[in-house]
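Commentary on secondary and tertiary structure
For reference, the chains in residue letters:
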Amino acid sequence: MTPIELRRKTLFTLLGWAVALLLSFPLLWMVLTSFKSEAAAIARVPHLFFHPTLESFRVVQEQSNYLRFAWNSIVVSLGSTLLALLFAIPSAYTMAFSPTRRTRGTLLWMLSTKMMPSVGVLVPIYLIFRDTGLLDTRTGLLVVDAVGNLPIVIWMLYTFFKEVPREVLEAGRMDGAGPVREIYNLLLPLSLPGIVSTSLLATILAWNEAFWSLTLTAAKAAPLTAFIASFSSPQGLFYAKLSAASTMAIAPILVLGWVSQRQLVRGLTFGAVK
Amino acid sequence: MATIELRQIRKSFGESEILRGIDLTIRDQELTVFVGPSGCGKSTLLRLIAGLEDSTAGDLLLDGQRINHVNPARRGLALVFQTYALYPHMSVADNMSFNLKLAGVPKEERERKVAEAARILNLEALLQRKPKELSGGQRQRVAIGRAIVRNPKVFLFDEPLSNLDASLRVRMRVELTRLHRQLRATTIYVTHDQVEAMTMADRIVVLQAGSVEQIGTPMELYRQPKNIFVAGFIGSPRMNFLSATLQQNTSSGTMIAFPDGATLHVPLISKSAQAGEKVTLGLRPEHAYLAENSVLAAKVQTVEHLGPESYLHLLSRYGEAMTVRVNGETTTKVDADISVGFDPGSLHLFDKSGLAFESPSMLTTGTGVSN
Ligand SMILES: Nc1ncnc2c1ncn2[C@@H]1O[C@H](COP(=O)(O)OP(=O)(O)O)[C@@H](O)[C@H]1O
Ligand SMILES: [Mg+2]
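We now turn to the structure provided with this report.

Rules used throughout
- The residue numbers shown here count from 1 along each chain, following its written sequence.
- As they are written, the chains are lettered A onward and the ligands numbered 1 onward, keeping that order.
- Per-residue local features of the predicted model are confined to residues with pLDDT of at least 70, and side-chain atom pairs are confined, for both listing and counting, to 80 or more; whole-chain, interface and lining totals are unaffected and use all residues.
- The basis for the side-chain values is all heavy atoms of the structure; hydrogens and waters are excluded.
- For helices the rule is a DSSP run of H or I covering at least 4 residues; for strands it is a run of E covering at least 2, with both sets numbered from the N terminus onward.
- Throughout, exposure labels follow a simple rule: accessible area from a 1.4 Å probe, protein chains only, divided by the maximum for the residue type, with under 20% read as buried, over 50% as exposed, and the rest as partly exposed.
- Contacts: residue pairs with any heavy atoms within 4.5 Å of one another.
- A cavity, in this analysis, means grid points on a 1 Å lattice covering only the protein atoms where a 1.4 Å probe fits yet has no way out; a pocket is instead an open set bounded by protein on both sides within 12 Å along at least five of seven lines, and a residue lines either one if it has an atom within 4 Å of a point.
- Grid points are joined across faces, edges and corners, and a volume is the space filled by probe spheres set on the points.
- For this classification, the nonpolar set comprises Ala, Val, Leu, Ile, Met, Phe, Trp, Tyr, Cys and Pro, the charged set comprises Asp, Glu, Lys and Arg, and every other residue, Gly included, is treated as polar.
- Criterion used throughout: strands pair if DSSP finds at least two bridges between them.
- Helix axes use the C-alpha atoms of the stretch in contact, all axes being lines fitted to C-alpha atoms, and the angles between their N-to-C directions lie in the range 0 to 180 degrees.
- Angle categories: roughly parallel below 35 degrees, roughly antiparallel above 145, roughly perpendicular from 65 to 115, and oblique for all the rest.
- The crossing is said to be left-handed when, going from far helix to near helix, the turn is anticlockwise and less than a right angle, and right-handed when the turn is clockwise.
- For any pair of parts, buried area is found by adding up, for both, the accessible area (1.4 Å probe) each one loses once the two are put together.
- For salt bridges, the criterion is a side-chain nitrogen of Lys or Arg within 4 Å of an Asp or Glu carboxyl oxygen.
- The definition of a polar contact used here is a pair of N or O atoms within 3.5 Å, where within protein one atom must be able to donate a hydrogen and the other to accept one, and adjacent residues in sequence count solely through side-chain atom pairs.
- Whether a residue is near a molecule or strand depends on its heavy atoms: if one lies within 4 Å, it is near.
- Surface accessibility in these figures is a Shrake-Rupley result with a 1.4 Å probe; residues are shielded only by whichever protein chains are displayed.

Okay, the overall build of chain A next. Along the backbone of chain A there are 14 helices and zero strands. The order of helices and strands in chain A, counted from the N terminus, is α-α-α-α-α-α-α-α-α-α-α-α-α-α. Taken over the C-alpha atoms alone, chain A extends approximately 70 × 70 × 30 Å along its principal axes. In chain A, which comprises 274 residues, the proportion classed as buried is 41%. Long-range contacts, defined as pairs at least 24 residues apart, comprise 77% of the intrachain contacts of chain A with a sequence gap of at least 6.

Shown next as structure tokens:
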């Protein structure tokens, strides 16, 4: 390595760390705060050294049943991901391997629906949910999250499927595989990394989804996003408890993200990185 | 036992017509080669026969049954892809038995058939490997094995050797020919390489721009190309083409004139060509030799020594490039002035639309080979 290359590399490494630190600082601060006492949390001059306490976590767990919210979150995010995959895999398969003149346009149109603010369809969805008895049910929230993630899931699967050589599927067709076998025995195993990263992203998006969970669920089906929200208004001034609740809400998904970093990066770059 | 018949097969992708009315019969047990420059529609035609593409018009018959809309798997054909298209996540054995598995063949029978194919193709030691652990030639053999295991009515090959290096290609060519003799199955083999076509085919179909140019045995195409395209495509090095003018039609042939007025009597006739028309004289490099004195004077540009033979690349007196095959020990030097000799019987002549003149005896006796 020449000195110039070395200097460039050092510079980029430093820059990378600086950006990462900047981006994750609020998160770091929140986790630190959750271990402080309320008094230390609101101190004008932040205490760098403090006696860590689990007091806030204890209070939060006492005031509301964390596990019930967490269970709702798990069911809704995993369920919505499965449901989205169920619809997205056949659609992406069709668009990747039997494209028509309108395929490109359809893909763009699907993605464009994500640019519409959710509140734009709040009233119709609310009315539909009320009339079908889906208000405050995990099933209802699961369906809405699945539908909301569908464009992104289809789009990602489409780009991953595009990387599978079509001859391999055609060889399967010559061997007597119908569409279902073609997908199940050939396409899915061959694009497994892509499907895994797509599922991860969809799970994370559903886990963090707040708008619909706040508007469509109440006591029974509320997931962790609603759990945090319940601490923000009545106790908005109790920073330590709010931080503890938030930390508890995001911990599972953070762990999931951490163990699957590689897959996630691959997924987020939409297959551009091999 | 299988014959395939194509009647006025057409195929368009959107606006562009890729196959323009193909009439063709693939005879039982023969190895038929589709040859033509790349992009002429060979793969499309093969995929259409396989059932991976639908024809826009025309009939496709297998043993007399119309199969245009029959599912690819039910046609009983096996296709070997140019890219091999092995299932990357399956072992060699699973690759070969996937079809049987889908068809519900019992395990013992599957294993027996795979073992049999592996023996024929010398793959026994590789059965548990994944495709990525194989060399190009081995992958090729697995792809062929996958086809053999199915015991298809017809084998279809799409440029199966084009991804192999030159020496392996020659070896596989011999092996495939041997395999065909052994299995005696009807086979269609697609290639852009006329050497493969000449060496392997029972019958060659020359395609260009979505149309059949000529059908015949390798030697028929070599001896009596129907037009200038086939003449130039079959044979290596390529046939020499010299432009001339038709001076006079005679009963025994045609008198042509070169640009400087020198004339030559060619023992070939055409029913349609008129005096004064531009014609093209064809002479294969291997039918030319160095002569003392002939109408074809030329200057040597380069000499290629191949060992057993040499090629002289010439610039004729009329400014056209020519190639002549000579003895491997030739002492002819660059810039030498030479004269090209030939036997008039080996000449070819093409009219202004590229159609070949015919031998007068063939026209009168009617024994000409035609399709
Ligand atoms: N699916 C397709 N869509 C549009 N054009 C195609 C398609 N497949 C082939 N073509 C076109 O058809 C022509 C013939 O292709 P192909 O049959 O692959 O030629 P060959 O195998 O002789 O090289 C090419 O010009 C190619 O671009
Ligand atoms: Mg091709």
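Okay, empty space enclosed by the protein next. All names here are of chain B. All told, the structure shown has four cavities of 30 Å³ or more when counted by the stated rule. Taken as a whole, the largest cavity encloses approximately 90 Å³ of empty space. Listed by contribution, the elements that provide at least two residues to the lining of the largest cavity are strand 7 (154-158), helix 5 (166-183) and strand 8 (186-191). Taken together, the residues of the lining of the largest cavity sort by class into nine nonpolar, two polar and no charged.

Residue and element names in this part refer to chain B. For strand 11 (residues 240-249) and strand 12 (residues 254-257), the ladder comprises four bridges, and the chain directions are antiparallel. Bridging across to strand 12, Asn249 finds its partner in Thr254. Remark: four residues form the turn of the hairpin made by strand 11 and strand 12, two consecutive strands paired antiparallel. Pairing between strand 12 and strand 13 (residues 263-266): four bridges, direction antiparallel. Bridge pairing links Met255 to His265 in strand 13. Hairpin connection, strand 12 to strand 13: the antiparallel pair is bridged by five residues, and Gly261 has positive phi, about 95°.

Once that is clear, we can look at the packing of helix 1 (residues 3-34) of chain A against helix 13 (residues 239-259) of chain A. All names here are of chain A. One can describe the packing of helix 1 onto helix 13 by two numbers: an axis separation of 8 Å at closest approach and a directional angle of 120°. As judged from the angle between their axes, helix 1 and helix 13 are oblique. Taken as a pair, helix 1 and helix 13 cross one another with a handedness that is left-handed. Within the contact between the two elements, helix 1 uses Leu27, Met30, Val31, Thr33 and Ser34 and helix 13 uses Tyr239, Ala240, Ser243, Ala244, Ser246, Thr247, Ile250 and Leu254. Looking at the contact of helix 1 with helix 13, its residues break down into eight nonpolar, five polar and no charged.

Tallying the contact residues gives 21 residues for chain B and 15 residues for chain A. With both chains or domains summed, chain B and chain A bury close to 1500 Å², and 68% of this area falls on carbon and sulfur atoms. The three residues of chain B that bury the most area against chain A are B:Tyr87, B:His89 and B:Leu102, which together make up 30% of that side's buried surface. The salt bridge involving A:Asp175 is made with B:Arg150; its shortest N-O contact spans 3.7 Å. When residues of the side of chain B that touches chain A are traced back to their parent elements, those giving at least two are helix 1 (42-50), strand 6 (77-80) and helix 2 (92-102) of chain B. For the side of chain B that touches chain A, the class distribution of residues is 15 nonpolar, three polar and three charged.

With that settled, consider the layout of surface pockets. All names here are of chain A. Quantified by volume, the second largest pocket comes out at close to 560 Å³. What lines the second largest pocket is a set of 22 residues, and nearest its centre among them are Thr113, Lys114, Val144, Val147 and Gly148. Counting only elements with at least two residues in the lining of the second largest pocket, the list comes to helix 5 (103-112), helix 6 (122-132), helix 7 (138-162) and helix 10 (192-208). Looking at which element gives the most residues to the lining of the second largest pocket, the answer is helix 7, with nine residues.

Turning our attention to the pattern of salt bridges. In the structure shown here, the tally under the stated rule is 22 salt bridges over all chains. Notably, a salt bridge pairs A:Glu38 with A:Lys241, separated by 3.2 Å at the nearest N-O pair. Note that A:Glu38 is positioned in helix 2 (residues 38-41) and A:Lys241 in helix 13, a separation of 203 residues in sequence. Note that B:Lys352 is salt-bridged to B:Glu277, the shortest N-O span being 3.6 Å. Taken as a pair, B:Lys352 in the loop between strand 20 (348-350) and helix 9 (360-365) and B:Glu277 in the loop between strand 13 and strand 14 (278-283) lie far apart in primary sequence, 75 residues in all. Residue B:Lys352 is classed as exposed on the basis of its relative accessible area, which comes to 66%. Its relative accessible area of 10% is what places B:Glu277 among the buried residues. Several salt bridges share partner residues, and in doing so they unite A:Arg166, A:Glu170, B:Lys11, B:Arg47 and B:Glu53 into one network.

Attention now goes to the side chain of B:Asn68. Mapped onto the fold, B:Asn68 is located in the loop between strand 5 (65-66) and strand 6. Within the structure, B:Asn68 has its side chain in polar contact with the side chain of B:Ser55 (distance 3.4 Å).

Residue and element names in this part refer to chain B. Inspection of the region around ligand 1 gives Phe13, Ile18, Ser38, Gly39, Cys40, Gly41, Lys42, Ser43 and Thr44 as its neighbouring residues. At 3.0 Å from an oxygen atom of ligand 1 is found a main-chain nitrogen or oxygen belonging to Gly41. One nitrogen or oxygen atom from the main chain of Lys42 is found 2.9 Å from an oxygen atom belonging to ligand 1. In isolation ligand 1 exposes 560 Å². Once the protein is present, 55% of that is buried. Residue contributions to the shell around ligand 1 peak at three residues, all from helix 1. A per-class count over the shell around ligand 1 returns three nonpolar, five polar and one charged.

The next point concerns the sheet that holds strand 2 (residues 16-26) of chain B. All names here are of chain B. Pairing is antiparallel in the open sheet, where four strands are placed in the order 2-1-4-5. Taken across any chain shown, the strands that pair with only one partner, and hence form the sheet edges, are strand 2 and strand 5. With five bridges connecting them, strand 1 (residues 4-13) and strand 4 (residues 57-62) associate as antiparallel partners. Note on strand 4: the bridge partner recorded for Leu6 is Leu60. The sheet strands contacting helix 1 are strand 1, strand 2 and strand 4, and the helix crosses strand 1 at an angle near 120°.

Nothing here speaks to function; it is all geometry.
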